[in-house]
Structure formats: C-alpha cells, structure tokens
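Secondary and tertiary structure notes
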Amino acid sequence: MSEVVYEETATMIAAGELQSFVPFGREHCRNHPNAFNLQLRELQPASELWSSDGAAGLVGSLQEVSLQERERECWQLRKGCMGVGEEDVEFEEELYTAGTVVVWSQGSRSQGSNVYKAFTVDSPVQQALWCNFAVPQNKKDEEEVEQTVCIVQRSCVNVHTVTGKDFISPLPFQVSNVWATKFGLLLERKNTATDAQLPPPGEPLPTVFSMLHPLDEITPVVCKPTGLFEGSRVQYLSDTSMKIVFSCVQPSLVVFYDTVQGIHSIWTLRKVTHDERSTVLRCAADPVDGPLGLMASSFLTSHLRNISRLDSPGGSGTTGLGPGTGTSCAVGTGSPLHYSALHSHQSRIMTSSPGLHSRVHSPSISNMAALSRAHSPGMAAPSFSGAARFNMSFHSSSPRGHHGLLASPNSTVNETMQEMEPIRPDLCMEQLWSETVTAGCHREMSSQAPKVFLTSDLCENRYLCFLVESHQQLRCVKFVESNDTSQLIFASVMTIPAKDAEPLPNIDAMLVLEACGSLVLYTGITRVSKVFVPGLLSPTFNLTNHLPHRSTPVENVSTPAYAGSRHLQRLDEAVMPSPVSELRGPNIKHHEGSFLEDYIFQPTTPYIHALRDPVCNRVTLELSSGTMLRISIPEIATSELVRKCLQAIRFILPKESAMKVLVKWYNIYNAPGGPSAHAEWSLFVTCFLTLMGYNTERLTWTRNLHFEVPLSPVIAAKKARPSDGGSDEDWDYLLGSHYHRHMNSQPVCSPVDSSGSNNTLITETEGMSSASSPSSPSLKLDSSAPLFPHIPALFYVLHLLYQELQLDELQRARATSLVCLLQQLARDLHLEEYVDLYWRDYPSLISGFNESCLIDQSLLGQMQHPSFLRAKPPCVLSWLSSCLRGEEIPPFPYLPGICQRSRLLVLSYALYITGDENATSTDVSKYLAKLSAGQKFCASELHYRRQSSVKVKFSSESLAEQLVVWLTSEGFTLKDLESVPFGVALPIREAIYRCREQPCSDWSEEVCLLIGRQDLTKQAHKMTLAKSKASVGSGLSLEPPATTEADEEEDGMSDITQEVTGLIWSQDLRVQEVRRLLQSSRPVRVSVVQLPEVSDHEYIEEKENKLLQLCQRTMALPVGRGLFTLFSYHPVPTEPLPVPKLNLTGRAPPRNTMVDLNSGNIDVPPNMTSWPSFHNGVAAGLKIAPASQVDSAWIAYNKPKSPELANEYAGFLMALGLNGHLTKLATLNIHDYLTKGHEMTSIGLLLGVSSAKLGTMDMSITRLLSIHIPALLPPTSTELDVPHNVQVAAVIGIGLVYQGTGHRHNAEVLLSEIGRPPGPEMEYCTDRESYSLAAGLALGMVCLGHGSNLIGMTDLNVPEQLYQYMVGGHRRAQAGASRERHKSPSYQIKEGDTINVDVTCPGATLALAMIYLKTNNRSIADWLKPPDTWFLLDFIKPEFLLLRTLARCIIMWDEILPNTEWVKSNIPQIMRGAFNPSEDINMETMAQAQDYITAGACLALGLRFAGSANSDAFDCLYEFAKTFMKIMSFAGTAAVMGYYNLQTSLSMILLAMSMVMAGTGNLKVLQLCRFFHKRTGGEMNYGFHMAHHMALGLLFLGGGRYTLSTSNSAIAALLCALYPHFPAHSTDNRYHLQALRHLAVLAAEPRLLVPVDVDSLKPCYALLEVTYKETKWYDETTVELMAPTMLPELHLLKRIKVKGPRYWELSVDLSKETQHLKSILSRDGVLYVKLRAGQLPYKDDPQGWRSLLASTVNHRNSGVRAFKPEAISTFTSEPALVSFAEYFCKTSEGMKQREDTLVLFSAMLYECVTQECPEMLPTYIAIEQAVSALRRGDLLQTFPLWQMRLVVELWDSRLLRGPNNRHDALLPSEFLPVMKNMVDVALDSWLKDNSSVLRSYMRGEALPKDAQSTVLACFLVYRSIPCLRNTHTRLEGCSSLGDLLARSSQLGIPLRDLLRLAPVLLGSASGPQTLQGFPLQAF
C-alpha cells in the first residue's frame, strides 16, 4: 500500500475555474408563470379532482407539489457551437426538466446563460432529450438533419424542431425510456407484470421500437445476435430482460444490459436490409408457429396501430399515486436502493411490492384514468373493440382476462388478421461484443451500469467505458475501426477502480472519482495524475483517516480480474516517478493537523460524491452536502508551437513511449501554480531535453531560459513546496530509483513500429557502467533517459515541423524558438548539413551556439536511426526552388495531419509549375513521401485521397483552373494565402490572376472568393435586389414629384423599383406618366362649361353624365395597373396587403366641387362597380412577387370585414393563384370560401387555383372544378344551382389544369360543351356565347399544340366536329350522359336542329387554332381561309373573320413575316383586285371584312413576335395603326365602316404593338395609348378603355422587368386574355368572361438583366455581348446591348457575355444549360459585375475618356507620372489601396528627404491598379523591403532572400517559355529586373571585398561570428550554393573554368551563380587578377 500512497501524493494537477453550479432552468422555472398552475391540476389524485370543492383539495395538492418538485427535476448538458464570424463560439446548452416544464438554455463562459426555448406540456414530463432526425430530401439520396427537442410524456412524444415545427406523436404503449440515435428515437416499451405470465407458445411482443421521424410510424427493431453458427435468425427484439443503458450517434452504438445474467453487450444500430426485413415479416406471418404466433404478430400490429386509445387502461394508474410507481423500473435512477433490491431478489422482474401493482391494475382506477384522459385535448375516448379489447386483457393482471382471450379466438383474431398488414421494421441491431460470463457462481452479478460513455486517449485509442457500481469499477473496452471502416472491432476489457467517472472529450481524458473520494485524471486507461480542487478537502487525509475501512472490501478481493487491475495500477504509478520528500515539509504537517481537527469536530465536511455533465473540459462535482461545483481541467498545451511539437512527437513515437511523454508533460505543465503562458515553451524544452537525457542545468542556453522561479527538471506541486530548493539530487534520486532501473533494463517497447522500418530496440548492454566514466560528466547524455533511443526520429519530425513553420508567416516567429532546440540536437547527432541549414536560415542566432554534448560512441548503437533520416536535410524552400528551375526532385517528406501547409504547397507546385495534372490525385507519391510511424495509418490521408479523386478533370481546363479548384476543395482560402510567404505564394497568385480573367460561370462560391471575383461570389450567394432594398438606398432613384405620404401610397404603384427604371429610361419621366394614366384612386376632373341657357339643375345632370363617361375609363384602369405593377412587391407577413380604392367621384373646376354619381339625379346601372372592384383586387394581388413568403394564414388574414369589399378579395384570390401562392392555401379554407356561395369569390378562387396548378392534372383540383360543371358530373347526380359565370370559370379551370396533357375524357366533354344546346327548361339561356367560347378555349388548352397526334382521340373526330361548329350544319345526336339532361327542350329559345354558329363559332375557331398551334398544318389552315365570293362573305360576321385569320396565321406560325406585304396577303383576292362596277358590291361589307382581316393578321403578328421588340414587326404594325387613325379622322369613311369596327380593329393593333414591345416602354406606343386615354366620349366604351390600358400595362409589364414569352402555354394565355371582343359595359360577360383578361400574366416571364455593381450594390450600366444561335431565318449573330436590358428568349441564345474593358468579363454559356441564367432572371435579374480598377462606371464617364488608362495610350511611362495618388479613390474601391495611397504616397513634412521612396510607392500603386491585382501590393513592398535591408546590411535572417530567389526563379521560368508568355505573368513591369539588379550589385560588391570569408567557409573552418556571417549566409542562399563543407577540396583545385564546370555539375549549382563563384575558387589557385572582372561583365 505504501507505494500507492507515495504515488498519489507525488503528482497533482490543479483544476481551474471553480464555480458553484446551479442548473439555469431551475432559476427560470421559479419565475415561469403557468408551470405551477398546470402542476396543481396534474398532481391532484383522481379522486380529489372530482371531489375537491375548495380548500382541502388545494392544500393537499400544494403539499404534493413541494414534495414532488425536487424528485422530478433533471437536466443534461451538451456542447453547443455556433459560428460567429470566423471563429466558432463554444458554449454549453442545458436541457432542464421539472414537472411539466422543459427549459432549453444556452450560455457560454463569456456571456451569461439565457433561455433559448421553454416548453410547457399537459402532463408530467417523463424525459426530455435532444435528437436529430434525418429528413430525406426530394429525389436525391441526401438527407437534411432536423435538430429537435423531444419531450416524452406518458401518452405521447412532443417533438419541437429548431426551425419551429412542432409534432405530437402518440405512443401506442407505455414507454420506460427513450434514446436518441443517429436515425431517430429508440423507445423501450415498459414491460408490465403480465409479460412474464404469457402462455408458452406465444411470441412475446417486441420491447424496442424506433421512430425515424415524428410523422413516421413507430416500428419494432429487429436484432441479429452473433450466433456460433451462421443461421442466427433475424428476429424482433423481444427479450424483456434486455435493457438499454446507452446509445450513441457517432459511431451508431447501443449498449444493452441483461438483467438476468448481469451482462453488458454492445450492439451496432443500422438501417435494416431488404432481406432482413422480408425474413422478419415472413416469420412473423408464418403459420407454422401455431395460432398464437400468428396472433402475436398481428396483435403487435393492431396493438401499435390502434392509436385511438393511447395506452391501455391497464397501465399503471394515474400519475397521482405518489412515489411508489416510480420504482417499478430502475433504469437510470441513481439511488442505491434499487441495487440492493436487485441483489436481494434474484428475481427477473423488478417490482417492489405486489400490493402496489394490484392497486395499479385495479380496474376502477384504470377506467377512471381512461375517462379523465378522454377529456384531454387530442385524444379520443377509448374504444373497447377488437384489438383494443385484446390489449386491455393483455395488460390486465387478472387471470380472467387470459382465459377470456383464449376462449374466443375466432372473433378477435380473425378480424384483426384481415385488416392489418404487418408493420415494416426500419432499424436492425447487430451484436458486436458482450462481456464474458464471470466464472464461479459465488461472485455477485454486476449491476446495471448507470453510466456509459465513449472516451479516447492522447494517442487516439478509443474506449467504451461503463461503470459497474456494485464492483466500484469502471470497465473500459477498447475498440478500433476495421480496415474498410465499415465495422467496429471491440478488443480487450480493462478495469479501473472507480466510484464514478466522466469523459472530457476536449482533452482526450476522463475524470475518475475513486472510492476513497479523490479525483484522478486518466487518459484512456493510463493514469495521469490526481486533480487538486482548491477549497475542497484533500481526500487523502480526511477520508482515509476517518473511514479507514472504506476502500478495503474492494481491494482485498483477490480474483483474476483484480489481479489485472492491481498490475495496471503498478504500471500507472510507474509512469510518474517523483521524489517523496516533497510533501513532508513542516507547513504540510501543520495544515494536516488543522484539517483533521476540523474533520473530527464537524463531521459534515463535504466530500465529492458523484460527477456529472461533462462538456469539453468542464465537469460538475456533486458534493455530499448536495451542492454542486463546476470545475475545468486544464488543456495539454496552450501555445500553438508546443501543441504542434507534441503532435509530432505523438505521431512518430511508439504509442507507449508517446503516452509517457505526454503524461509527463501534462503533469509538469499543469502542476498547481504552474508556469504562465510565455514560459510554456521554455518549460517544454527543459522537459523534452531532460526526457532525452540532457542535463539542462549544465547547458548554457537552456539554463538561461527564463522561468518565473527556478525549477528542477521534474516539477512537483509547487503550492506545497516551502522552499525553492529543487536540486540535481532530485534528478539523481530519480535516476537511481528502483522503478527507473526496472524500466530501463526491460525493452518495454520493442515491437515498436508496425510499419516495419528498422526500429527494433537493442536491449541495453553494459552502457550503464560506461555512462559513469569520469570524462566531462556535465555534458554527457544520459542514455537511460526514456526518449534517448528515439532522439534521431524525434529530431527529424521536429525538423519537418520547422520546415512547415517556414511556410506560414504567422508561425515563422516561433520557428526561431524551435531552431535553438534543433541545432542542439543536430550538433550532438553530428549532422553537419542540418546545422549548416539552420545557420543559413538564422546566421546571427546560430553563431551564438557552440556547446555540444557527447553521446558515447558505444551508446550510438542504442539509438534507432530511422531509415528516413538522411544526411541531406529536406528543405522545403529549396524543393520549391528546384521545382521552379525544372530539376528532377525526390519526393518531399511530410507528416500527415501536421505538415498540411507543406503538403498543399508541394502539390500545388507539382500541379502548376511541373504541369502534372495528376499531382493531386494519382501521383501524390511522386512528390510527397509520407512518414510512417508508431501511429496507425492516418485516416485523414485516406479521406484526402478519396476527396481529391472524386473530381473528374476536364482536359480542357487549364492548369491554373485545376489548381484553383483543387486548393478550394482542400479548404484553402484567401486568408491562408495571405500568410504564405510572398515568394512561395507567387505562382498561386499567378494562377488566381489567370483564372480571374476568364472564370467559369458555374464555379462554386468558394472558388470565386479565392480568385477574388466578388461579383461571382455574390452571384453564387443568391441575393435579390428586393432583399437588400434596405441597404441599397435610393442613390439614383428618379423620385416622383413630391406629394403627401397618403397620396403616394394609395395609387398602388409605388413599389416599382425606381433605381432600375431610372436606368432603363433615364432621359424622361415616362414611368411617372404611366402612373398618372393608370391611377384610379383620386377623383377625376370633370370640366363642363355651363352655357347661358342651361339651368343649374340641368348643368348638374350634365356634369354627372360626363362623370359617368369618365368613370367608364376609371373602371377599366385596374386591368392595366395589374400588368404594370406585376410582381413588384414583397408583402410584410404582419400587415394586410394595401389595396388602393377605386374612386368614382369627380371634382369640377373652378371651385373644385365634388361630383358624385350617387346623388340620384341620373340613372346609374346596378352592380356597375362589382367587376371593376374585382379587377382592382386582382391588380393589388398581382403586385406580390412569386418569391415572397406567403402562407395560408396571411391569405385568410387579408379577408375584409365589410361585405362590399368581397369582390376585391375575390380578385385578390385570383391574383394569388396567378403568382403561384394559392397552392399554400389549406383545402379547408378553399372549401370555406366556396360554401359561402359568393359568385365572384368562386370565380376568383377556381381560376386562381387552376392557374397555380397549371398543367399538373391535380386530382383534388379536378374534383373541385367538376362540382361546378354539370357535364362532368354523373347524369343522376343532384342538380346543383351553379351560377353561369362560375361554370364558365370552372370550364376554363379544367383547361388550365389539364393544359397540354391531351386528356381524352375532358377533351370529349369540352368538345360537346361547345355546342351545348339551350335548356332544359329555363336553364342556360343567357350568355351562352361566353360558355361556348370557354369550352372552346379549354379544349384548345387541353390539346395544346398536339395537332394531329392526339393519342386515342381519332374516334372523336375533333377537327371535323370543330369545323362543323365553325361553319354550321346539322346538330349531332347528344351522346351518352348528356342525353338525359337535354330531354326537355328550352322554354325560351327554339334553335331547331342546326348548329347556332353565332354561339359556337368563336370557341371552335380558337380551339382549332390552339390544337394546331405552330404545327404549320396547311390543310387545317385552309379551312380557315376567308371565303372568296361576295355571296359567302355576306354570311360571315366580320368579327369571325378576325378570329379565322388569327387562327390561320398562328397555325402557319413559321410563315408569319414582319412586313405589310404579308399582312395584306391575308386579304382575299376579290377585295384586292379592281372592282367591276356592274357587280353589286356592298361597300360596307367589304370595308368591314378588310378591317377585321387586317386586325386579325396584326394580332397574329403581335403573338408571333411577342416580347421580342422586333423593329420590323413594330414598324409594320405602327404603319397600320397610323392608317386606321387617318381613316377614323375622316367622318365619311368612318361612317361607312362603322366607328365601333374601326375602334375594335385599332384596339387590336394597339394590343399587338404592345405585345411586340412588351416591357420596353416604347415611346410611340405610349403616345398612342395616351391619345386613346384622353378620348372619353361617344363610342368609347368600357371595353375599349380596357383594351387600351391593357396595352399600356403590357408595354410597361412589371415595371419594365417582365416581357412576354412565345411558348405554347403563353400563346394560349394571351388568346384567352386578349380575345378580340371587349365588354360593352362593366357588367357585360356575354361573349367573354372579364376575369379571363388577367390570364395574360401567365405569359409573362422575367428577362430583364440588371447589372449591379458589387461594391456599391447599386444598379449600373454594363455592355453585354449577346450571341444568337443559328436559325433558318438568320445565321449566328452577335449584338451588343447596354444593360440593363431585356434579353431575347433564352432558347434563341448561344451565350451572353459582360464585355470589358470597364467591367470584369463574365460569360454565361447557354448552349450547355440555361438554368443558371434563368435563376438569375427570376431573382430580379441581378447580375453582379465588378468595375475594373482605373475605370469609371458608364454613368459618370459615358465616353471612357476619364479612365486611368486613357492617359497612358500615347506614352508608355507617362501614366506613372500623370498618376496622382490622391485620385485613387475614383478608380478603385479597395480600402487597402485607398489608405495606402493616403499614408504612403503623399508627401508630408517628414518625408521630404525620402522623395524617391514615395515615387516608388506611387509607381507600385499605379502598377497594382492598372494590372488589376491589388493583392500584389504587399508582395511589391516586401520585395522592396528585402532589397533595401540587404543593401543597408541589417538583415538578421536570410528568409526574405529565399523569397526573392523564388520570385526571380519564377520570373526566369516564365521568360524561358518565350516572350509571348509575358503578358500573363504577374510582375510585368520593370520593377523586378531593377530589384534583381540591386541584389546582384550588393552581393557582388560584398564578394569582391570578402572573398576570404567565403573561402574559409568552403574550407569548413569555423563560421564567422561577426556581421559577415549574415551576408555570407545571404550570399549562399541567394546564389543557391549547396553546403560545400565536404566538397571544397574538389572545387578548389580547379585550374580553369571548364574544369570547374565539369566538377560542379554534380552539385546542382546554376551556371549563373557558379560564375559568380569562379573568381573566388579559381583565384585561390592562380592569382586573383586573371578572371576577376570577367563574370561580372559577362553576366
């Protein structure tokens, strides 16, 4: 025992940050308002609930609350992580449960805790836990993870996701415990008493179930036990003795405890395979198992499915039964009672007393419970039928139930069998490991583990640990991944004596509470040290003295298991040898005494009683007094350098040695009162050298390392040390200790290296004796030190680490500390070249060291010289330099996971400089030699290999592109690039620069960030103008004239983006004009002059009549306004949509008196405003953009209170359908609106829903529509009284939903509906035309563009039937269903048996047009030709001629040509020829026919070129418009043709023009529209106004952001919307339903491209180059457009390119895919562009004369001179450049004398700006600094020259490729040659004067001490002269230059540099004068 005590007192570490801990949730619950009241209800026993009528009940329940509150409180903590900026902020999250409240709080150390969410539920919470559910995403296999909190109540689980979704999943059985896993929740069914009494043949019900998502079914889990033979059957997990004690997400494990055998087993959890699933389902349904097996599986199903009764009434009573119910299951409750109970009864079921159970199961209570539960919301009353009855008896404890069950199997079983199909299991468990059954029965069984956790040690071994309280030990099972990482392999078990334990994942350790009460830190199973908690009793004193027998029973049991643990303990002590004498000082004695006295007199002193809640490196201690303390265990190292060194050490050493070093260091570093951070490195060096056997006291440089206090090599607990008297004796004592000798004489770590390098340890010979020989003992290495054999390997990994640090500017300062250590080791290992390398890097530093320690020759054999340690030191900079020179190079060694920067740069050079495309994928080994080590094969490397091989290389990609993409995939960012030294980084910068010029449009955001194209990054980041509206500000908005706020809002057009419209139409205020024309919310001006003879009363009437005329116009405006403001507004979800009023009043000048139509003076038509207000609602709704967030609640929230606004709301619903938001409206609400029976609402809703579901054939919508169409209902169905207009809307709806599907049944019905006869009786007599037209349009849509390919409709003869409807003839007999309906004829209309062409013709004509749209089917087109005899012409309505011409032209789509000849060619020959006066020609007929045919052709032209802004088409149409205007102005001709007909034709031509120019805001069309806007009198009716303002709306579609498409679907929508018969007045729906006018929206598509400057986020101008694909009309052409501009239709384009020189080029290739551009256009068309430096935007500099480069055109150099640094801000937005100009390029007082520097800086700045590489500025400056430092001679290290050399070499390699490559090099100016020259001159002049220094260096004499050494080193580095110590003899004897060249060829000195050396080398032989001047002039 003595040893143990000695060991424990010896090392101790101090725990930091002691805080008392109180769960935050407890605080919060105290103030939580309604938790208490809910608890009152909950906690009253059932009886009281009924009886309590006052005080008594209340008092009882109050007492119960206080009793129970404590008991139910529990909480858990986890690590939370949230990215804030670059760093992740770490904090703790706590989930606290008490009663019915769950509180989720978050808090970090820096800020206090706060409640994140608090939940209150109805019944007491059984358990609350975090769980992540995987939600499978559509189509692909990827899954999204939903983070949730699950709250388990007795009858259901509430799941709340972080995103705000809530689910309630009812539980079909009682749950004892719930576990979170990788896939979802695992539920353990509570086994009730009856499970044990099942009749033997029955299969028990499963006990473990899974729920993969709250909406999924709860399914049983199957298991696959490891059987000895292969046939181990897959079965449901139904053993009630198996309890889950732990589950883990990564890896996916579950730990079970078998309550019968007392064994723990580990299982892996995975998705079930298909075979296993079928096996289980098959055996479950296998009748072989006998009737009951069959029953059991079906009962299982019914039992689970029968969720109406949420758990069986036989469950354990109500919750109010007091604490008794809790003990029936002892999972996870920490009190010892259960364990004693467990051991005393060896019984299988853990019940406390039978009495309790009988009470629980007594029927009276359970029925009561069931009844009361039926009242709680969300649960149905129990139904006792079928399966439910079975469940009840299954759980009831009376035997009677069972007999009942078996007596009548037929009734229940068969019923259940038929209806249930079995539930498919989702998850499967496979057993991986289980404890072996302990030998001998006398040993007590291990109890169930209350704690299980995973931990890993410092060497990456992983363990699964479980605490066995009955044995007071922690059992640790080591596990590893199998080679293919598919499986975990569990190895041996180790035990550690422990009363409690918790893992500390952040520091790879765990904290163990030993039985004696002391805290010990372990890493894995290696004991590190005790933990000293300040302020708590040191347990060594109090517990052992007071309770001496506390720990004996455990330790005296001598069993094989304990023998193991004793042995382990011995080893652990051995790891930390330390002198005993430390703690024996007098102070300690004194303290001890006082402690003991305290202890005796106050026996309540708290001691640690348990541990809980580990997060990162913090853990909570529970004290016996009930208080809790939170402590944190310190990290292994804080300094980055020490951490890296430790990593390297751990990598290379065998695991055991590595573990020792790490543990040792940990103890030294964290001793109580340990060193401050800056002494950490010194401490590390001391510790490290000591472990290698150095005596650090005797080495000068280590002796002087500054500590706060002088330390002996091994540092004991300093708090306790009374004096600073650590001395060498301590160390000698240690070296002589028994343990040390024992450790050294045994080759503990012989099988070191699994990878098979020659690392076998040679057992120690008589080295000990020779070590004590008298020669200079001070500087001798102690060969018995633990790391002595590993010195060479350690030296090498630290050297590689040093090389790694060289590549990071931020870490390079630390390399100086490391180099001191390295040079010492290199000297002692006699590695001359290494010392030389260090001297070259830090000449002034290394010259100061000269001590070396002897390593006894006889001991050298003991060291393992690893194969990878070569004499030539690996130097990463010279490797890169050779790469640039194109030499053959051996692979560079690197440490996986530690030297990542080296790896990255070596491979980058290999890829980009060497040009090896496979460098990053298959050829890695050519360039990198990976060190293998004592560590396992590094998994991260595999990951890299895998990651990089995924990318498929396109051979077309340039090396630069490959490099950039690869670097990004490795996670390399601009921030990393900044820390790469400038010379090394240059090639990467060059690659980036090349990529920046021509990037791919589809690179990821990270790549774009790396190459510095913010415009592309932003583009990839998906942002819209509307989102950033707040930040954009209105810098360049053309504000409307200032009006008051109220007026501004109400016209409903204030949301048009001013910035964009201001750029598109910058010259005038046309947008304001359109707003003025379309506003309908202000009173109109009624100016009527009162003539003398008119009485006042008549004058008032006159004014009102005039107002009535003006109102016809006002009421037509909203249709146009809807198109103008299309999709321009994102609504605020908390406010209703603002709808502008429709104002029908007037103001009469001069006194501005009010004129009103409601005065009763004149007759106003009834319902005049109902349709206009519908249109007003649509116009308001169409403002909402499709991308907005709109949900069902918001739509309902907009419902107006007053009934007169119902029409507006109806329009609003239709608009929501048109922009796609109506799909979000719940079916319930749709039903709600339709049942109101409001006609307008039904029309709006039906059209809206069908538009939203365009072409989807959605069944639910079809049903909805069919109810409103009698023809689609079965003939016997009840007659529904559906208003006529609603029927029309429903028919169009069918057309929309089935658009383009060619659906046979619907086509058939619609075809017959076109010619539906009037009747029966009084039905269907008015407005038949609109119904017939609707049927025709709908039929056309269903068969849109199918032409003659209508599948399966040949028997319908669609075209023939339509032709008959068009030209007339005998009516066919009604087929089938409709015959019934038309038995009795109409009472109003007698049509006879011919077709009424006036009704059917329009519909049939347009149906034909749409079916054969664009098919160029000439035979059908010929049917539609106008007749060619006057006689036949008289029989056709002129209007129908318009339709026929239109139909014919759009069928012959490709023949439409944009010229007047083509339009006129549609007029039949007889009208064009000379007239024979003898014929009786009706001029009127002829004129009207001609008009209408022309109008039809123009409309077709408009459709063909819709949205194309084709100038030919526009000119052609404009000609015709002017012609018609002229005709109208001649009264005579106008009378002949009829004013109405002329006006109709003109309106159609106007609409055609605005279709062609849609969205462009063409001025000529605008003028025409304005002209017609002013015409209000006479024949100008409501319909014409509607047409003209629709034209205006189309012209400015969506405020200029939208235009029309010419897809089939769009043409169909336009035909519906622009049907050429406009309503005569506002209630006229006879020929065409007014609501259909809005369908034009379906043809709109966003095609406006808006360049946005990525720096200012403002829209700007940019030049685009648009290339058209080749078509049969034109070749491939390229046009230049100035954006913002409308793009042509995308399918016509090949590519779009942003052209220079103002902006960075950017090309979008549309031949590959158009999706990228489509998504840009749909997001407001924002294309981010970046202004090139030195350029101004077009707005400021239209001609490009003011750019920075414009001044340099004539002279190459004048640019620099003309450049004024002050003007920089106008040319670049880079803040770095602007401030550089500010501080470094302006002359100030103090800078007068350094004029040249300023000029140089300005030149650099100019270069950066014009070359567009601002990131090169630091490189320029660094080069300048390096050179000037060299010239001044104050360089302390040679690093800058290394970089300079790399820059020069890159430059040379580029020049070698030929002058044509110069333009893409990054340093194109004269700057570099000048700098290079300066370096050459400086070094050459030094060499001239000091050649002797160089000679003496080459002869290997001692290095110079003085300033010379620095310059010498610089010379050697820059001239790339290798270490010549050994070769000088060979070179010095040279007689001639040729001889020298021959001898030096092996050395690899570049010729240029050799010639510099020649004078020195040859001069030594043959006089200095011969060759002295030669090389300098020659080169």
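Residues numbered from 1 in each chain as written. Predicted model: local features only at pLDDT ≥ 70, side-chain atom pairs only at ≥ 80, totals over all residues. Heavy atoms only, no water.

Quick word on the overall build of the protein
Counting its secondary structure elements, the protein contains 79 helices and 45 strands. In the protein, buried positions account for 55% of the 1979 residues. When contacts within the protein are restricted to residue pairs at least 6 apart in sequence, long-range pairs at least 24 apart make up 70% of them. For the protein, the accessible surface area stands at approximately 84,800 Å², while carbon and sulfur atoms represent 55% of it. (Helix = DSSP H or I, 4+ residues; strand = E, 2+ residues; numbered from the N terminus. Buried < 20%, exposed > 50% of the residue type's maximum accessible area, 1.4 Å probe, protein only. Contact = heavy atoms within 4.5 Å. Areas by Shrake-Rupley, 256 points an atom, 1.4 Å probe, with all protein chains shown as cover.)

Concerning the sheet that holds strand 43 (residues 1693-1698)
As summarised here, the arrangement of the four strands in space is 41-40-43-44, forming an open sheet in which the pairing is antiparallel. Edge strands, defined here as strands with exactly one partner in the open sheet, are strand 41 (1677-1683) and strand 44 (1706-1709). Across the sheet, the mean angle from the axis of one strand to that of its neighbour is 20°, orientation sign disregarded. In terms of strand pairing, strand 43 meets strand 44 through four bridges, oriented antiparallel. The residue bridging Ile1696 from the neighbouring strand is Val1708, located in strand 44. (Pairing = 2+ DSSP bridges. Axes fitted to C-alpha atoms, helices over the stretch in contact; angles between N-to-C directions.)

Overview of the pattern of salt bridges
Tallied over the entire structure, the rule returns 45 salt bridges. A salt bridge links Arg1013 to Asp1015; the nearest nitrogen and oxygen atoms lie 3.0 Å apart. This pair shows no difference in class: Arg1013 is buried, exactly as Asp1015 is. Across the salt bridge formed by Asp1232 and Lys1236, the nearest N and O atoms sit 3.8 Å from each other. Counted as one network, the salt bridges with shared partners bring together Lys224, Arg270, Glu276 and Glu430. (Salt bridge = Lys/Arg side-chain N within 4 Å of Asp/Glu carboxyl O.)

Topic: the sheet that holds strand 10 (residues 166-170)
Strand order across the open sheet formed by four strands is 7-8-9-10, with antiparallel pairing between neighbours. Bordering the open sheet on either side are strand 7 (127-136) and strand 10, each of which pairs with just one other strand. Strand-to-strand twist across the sheet, computed as the mean angle between neighbouring axes with direction ignored, equals 30°. When strand 9 (residues 156-161) meets strand 10, the two strands line up antiparallel, connected through five bridges. Residue Val157 lies in a different strand from strand 10, and its bridge partner there is Ser169.

Considerations on the side chain of Asp782
Inspection of the secondary structure puts Asp782 in the loop between helix 24 (767-771) and helix 25 (791-806). Look at Asp782 and you get buried, because its relative accessible area is 19%.

What about the pairing of strand 8 (residues 143-152)?
It is a general feature of regular strands that their side chains alternate between the two faces of the sheet. Examined bridge by bridge, strand 7 and strand 8 share ten bridges and lie antiparallel to one another. Bridge pairing in strand 8 places Val135 opposite Glu144. Alignment of strand 8 against strand 9, held across five bridges, turns out to be antiparallel. Each bridged residue has a counterpart across the sheet, and for Val152 the counterpart in strand 9 is Val157. Taking the residues that link successive antiparallel strands as the turn, the strand 8-strand 9 hairpin has three residues.

Thoughts on the packing of aromatic side chains
Under the criterion given, the structure shown has 34 aromatic pairs. Summarising the aromatic geometry, the rings of Phe1127 and Tyr1602 are spaced 5.3 Å apart at their centres and angled 75° between planes, so their arrangement reads as edge-to-face. Of the two residues, Phe1127 is situated in the loop between helix 43 (1096-1124) and strand 35 (1146-1148) and Tyr1602 in strand 37 (residues 1602-1604); the sequence distance between them amounts to 475 residues. An aromatic cluster is built from Trp665, Tyr669, Trp681, Phe684 and Phe688, whose rings are joined through pairwise contacts. Across from the ring centre of Phe1505, 5.1 Å away, lies the NZ or CZ of Arg1504, which sits over that ring. Above the face of the Trp1704 ring, Arg1732 is positioned so that its terminal group lies 4.2 Å from the ring centre. (Phe/Tyr/Trp six-rings, centres within 6.5 Å; stacked < 30°, edge-to-face > 60°. Lys NZ or Arg CZ within 6 Å of the ring centre and 35° of its normal.)

A word on helix 66 (residues 1582-1595)
Between the first and last C-alpha of helix 66 there are 20 Å, a value that for 14 residues agrees with the 20 Å anticipated at 1.5 Å per step. The backbone nitrogen of Gly1583 lies 3.1 Å from a side-chain oxygen of the residue at the head of helix 66, namely Asn1581. (Expected span 1.5 Å × (residues − 1). Polar contact = N/O pair within 3.5 Å; in protein donor to acceptor, adjacent residues only side chain to side chain.)

Some remarks on the pairing of strand 40 (residues 1662-1668)
Burial within strand 40 is extensive, with seven of its seven residues counted as buried. Both faces of strand 40 are covered, namely the face carrying Ala1662, Leu1664, Val1666 and Tyr1668 and the face carrying Leu1663, Glu1665 and Thr1667. Of the pairings in the sheet, the one linking strand 40 to strand 41 comprises seven bridges and is antiparallel in character. Across the sheet, Leu1663 pairs through a bridge with Met1682, a residue of strand 41. As defined by bridge partners, strand 40 adjoins strand 43 across five bridges and the pair is classed as antiparallel. Residue pairing for strand 43: Leu1664 is matched across the bridge by Val1698.

Focus on the packing of helix 36 (residues 982-997) against helix 72 (residues 1817-1832)
At a closest axis distance of 11 Å, the pairing of helix 36 and helix 72 adopts a crossing angle of 150°. The way helix 36 lies across helix 72 gives a crossing that is left-handed. Contacts from Phe982, Leu986 and Arg989 in helix 36 reach Thr1819, Ala1822 and Ile1823 in helix 72. Looking at the contact of helix 36 with helix 72, its residues break down into four nonpolar, one polar and one charged. (Left-handed = near helix turned anticlockwise from the far one by under 90°. Nonpolar A, V, L, I, M, F, W, Y, C, P; charged D, E, K, R; others polar.)

As for a nonpolar patch on the surface
Taken together, Phe1431, Leu1432 and Phe1435 make up a surface patch of nonpolar side chains, about 370 Å² in accessible area. Summarising the element assignment, Leu1432 is placed in helix 57 (residues 1430-1433). (Patch = residues over 30% accessible without salt bridge, like charges linked within 9 Å, V, L, I, M, F, W, Y side chains within 5 Å.)

With respect to the confidence of the model for the protein
Here the protein averages 76 in pLDDT, while 72% of its residues score no lower than 70. Confidence drops under a pLDDT of 50 for residues 305-419, and excluding neighbours within four residues, the segment shows 138 contacts in the predicted structure. The low-confidence segment residues 707-778 (pLDDT under 50) makes 95 contacts with residues lying over four places distant or belonging to another chain. (pLDDT = per-residue confidence, 0-100.)

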